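A look at the structure
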Amino acid sequence: MNIINEFRNIVGKQNVLTGTDTNKYSSDWTGKYTFSPIAVIRPSTTEEVSEIAKTCYRSNIPMVPIGGNTGLAGGTFAPDSVMISLERLNKICEIRSESQIAIVEAGVILSNLHMAVEEANLAFPLTFGAKGSAMLGGILSTNAGGSNVVRYGNTRSLCMGIEVVLPDGRIMNLMSELHKDNTGYDLKNLIIGAEGTLGFITKAVVKLKPKPIAYATAMVAVPTLANALTLLNQLQKTTGSGVEAFEYMTKSYIQAHLEKIPNSRPPFDQLYDVNIMLEIGTIIPDQGKIQNDGNTLLTRTLERTLSNLMDTGEVTDAVIAKSDFQRTEMWERREASAEITITDGPMILTDIAVPLDKISSFMDKVEIEIKKVDPGSKSLTVGHLGDGNLHYAIYPTKYDLELFDLLNCAVEEVTQELGGSFSAEHGVGLSKKTSMKRRKDPIAIEVMRAIKKALDPKNLMNPGKVLPDI
Ligand SMILES: Cc1cc2nc3c(=O)[nH]c(=O)nc-3n(C[C@H](O)[C@H](O)[C@H](O)COP(=O)(O)OP(=O)(O)OC[C@H]3O[C@@H](n4cnc5c(N)ncnc54)[C@H](O)[C@@H]3O)c2cc1C
């Protein structure tokens, strides 16, 4: 009880939740992990985060940071720990148009940042289905990817500086606004993607980009994944690397979308195996100007490219969005992926990446290997094809952890053979620790352990995540 009073003295009574008041926080987004934290503490400043960390460090209490709680790897699992919610650090401190940066606190919700920078005709070009809940601190801590990585890179590439509260409460200022800074080890990029195991991110300097003045968005069916790659490369050539999103949906995904999402419509008159939702964008005024036929030059470029590839048989069917409604419908189909893939029954959600020219081999090989392990299992794939990142979901025939492990192992094996990664964007958290042990270079794990020990010698910062158990 004394410790709870100490927390209350730091953030006020109303910001220390205990008992049933913590219910909202005591499960991850998937519902796979449920737990009872000692308390949920809601600081509103970096200094308060620092005081909480000092108190926990002194009293040997494990600390788990939480943002929007949309992570898909069990990273916020917090039994016998205090959860520190960054949700009240929610200020967009500055938007500086000239240098195209924003300074934001960790609890800013992604879509709020989108809206704020849009008013300045700028974009923070990171987006994914959970944008209405995910917070910048969590996004940085998972180095999230999303649908625009093909053009702008992942979160790491969009971050110039961060402020960090270390496990013992010291505040580390890495709030650089510089494009170049070679002063020693790259601590910013070490903390980004560390999933809260090395400290709390409390603030960040993020890069903004000019907001495209026009988009052209389409659903395209191609005969094979190799043809999809031709389409991507062709579009990059004809638009000067203007591809903003290049997303893949299988036939089973389209079917599941029609079944699960009320009032949804099929993208084409018939079902195809390889469906791509693509978007190109331009910041060049001439390209965005509406022509006599009601289309922009950008849309004409897209039409021409698709038409040329139809002539050679590399594109089978295509629908270009002619209104905001149609564009939104295309995006919603893609962004409903978590609702579509995640079910109550037995399932495994993988998050692999392979080199772009190996995607086709991955799909062919993985299906064979999965069927060898569990012939009756089903699968469904959706992914960020432009980055070689696929969410390959498996629905095993029964709930059996040993079977799950064999299936995971089969996916890992195919991925590794093709030079890929078992975890491309959701992070390792709790759910992929076994894969980490099996697949990550052992020396790399040793180095990670040494870093963890140096920064968190008492192992209090999000313990049990990312690094495999010894
Ligand atoms: C519908 C849906 C779609 C998604 N699509 C994508 C996608 O396309 N691409 C993608 O990459 N991911 C996607 N995700 C998962 C993605 O990782 C999370 O949505 C997001 O990045 C996590 O942000 P959050 O604020 O919810 O973090 P949380 O879930 O709250 O936390 C995630 C991890 O970060 C740690 N953490 C949180 N805040 C901090 C902080 N301030 N300092 C230190 N550590 C912290 C937590 O301890 C935890 O380990 C999706 C999730 C959903 C539900």
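In case you missed it, the structure is sitting above this.
So, here's what we can say about the structure. From a predicted model like this one, the values you see are computed outputs, not experimental measurements. (Residues numbered from 1 in each chain as written. Predicted model: local features only at pLDDT ≥ 70, side-chain atom pairs only at ≥ 80, totals over all residues. Heavy atoms only, no water.)

**Things to note about unusual backbone geometry**
Positive phi, close to 60°, is recorded for asparagine 121, a residue that is not glycine. Its location among the elements puts asparagine 121 in the loop between helix H3 (110–118) and strand S7 (122–123). Located in the positive-phi region is asparagine 462, a residue other than glycine, with phi close to 40°. For asparagine 462, the position within the fold is in the segment after helix H16 (442–455). Taking relative accessible area as the criterion, asparagine 462 reaches 2% and is therefore assigned buried. (Helix = DSSP H or I, 4+ residues; strand = E, 2+ residues; numbered from the N terminus. Buried < 20%, exposed > 50% of the residue type's maximum accessible area, 1.4 Å probe, protein only.)

**Looking at the sheet that holds strand S2 (residues 39–41)**
Strand order across the open sheet formed by four strands is S1-S2-S4-S3, with mixed pairing between neighbours. Where the open sheet ends on each side, the last strands, each with one partner, are strand S1 (16–17) and strand S3 (63–66). One ladder, built from three bridges, connects S2 with strand S4 (residues 82–85); its direction is parallel. When the sheet's bridge partners are listed, valine 40 is paired in S4 with methionine 83. (Pairing = 2+ DSSP bridges.)

**Description of the site of the ligand**
Around the ligand there are 35 residues in total, and Pro65, Gly67, Gly68, Thr70 and Gly145 lie nearest to it. Histidine 384 is positioned such that a nitrogen or oxygen atom in its side chain is 3.3 Å from an oxygen atom of the ligand. Within the side chain of glutamate 425, a nitrogen or oxygen atom sits 2.8 Å from a nitrogen atom of the ligand. Relative to its free-state accessible area of 980 Å², the ligand is covered by the protein chains to the extent of 97%. Listed by contribution, the elements that provide at least two residues to the shell around the ligand are S3, helix H4 (136–141) and strand S10 (200–207). Considering each element in turn, the shell around the ligand owes the most residues, four residues, to H4. Classifying every residue of the shell around the ligand by side-chain character gives 15 nonpolar, 18 polar and two charged. (Near = heavy atom within 4 Å. Polar contact = N/O pair within 3.5 Å; in protein donor to acceptor, adjacent residues only side chain to side chain. Areas by Shrake-Rupley, 256 points an atom, 1.4 Å probe, with all protein chains shown as cover. Nonpolar A, V, L, I, M, F, W, Y, C, P; charged D, E, K, R; others polar.)

**Structural notes on the sheet that holds strand S9 (residues 171–174)**
The strands making up a sheet associate through hydrogen bonds between their backbones, and the pairing can be parallel or antiparallel. One open sheet accounts for five strands, arranged S5-S6-S10-S8-S9; its pairing is antiparallel. At either end of the open sheet lies a strand with only one pairing partner, and these are strand S5 (92–96) and S9. Within the sheet, the average angular offset between the axes of one strand and its neighbour, ignoring direction, is 10°. Of the pairings in the sheet, the one linking S5 to strand S6 (residues 101–105) comprises four bridges and is antiparallel in character. (Axes fitted to C-alpha atoms, helices over the stretch in contact; angles between N-to-C directions.)

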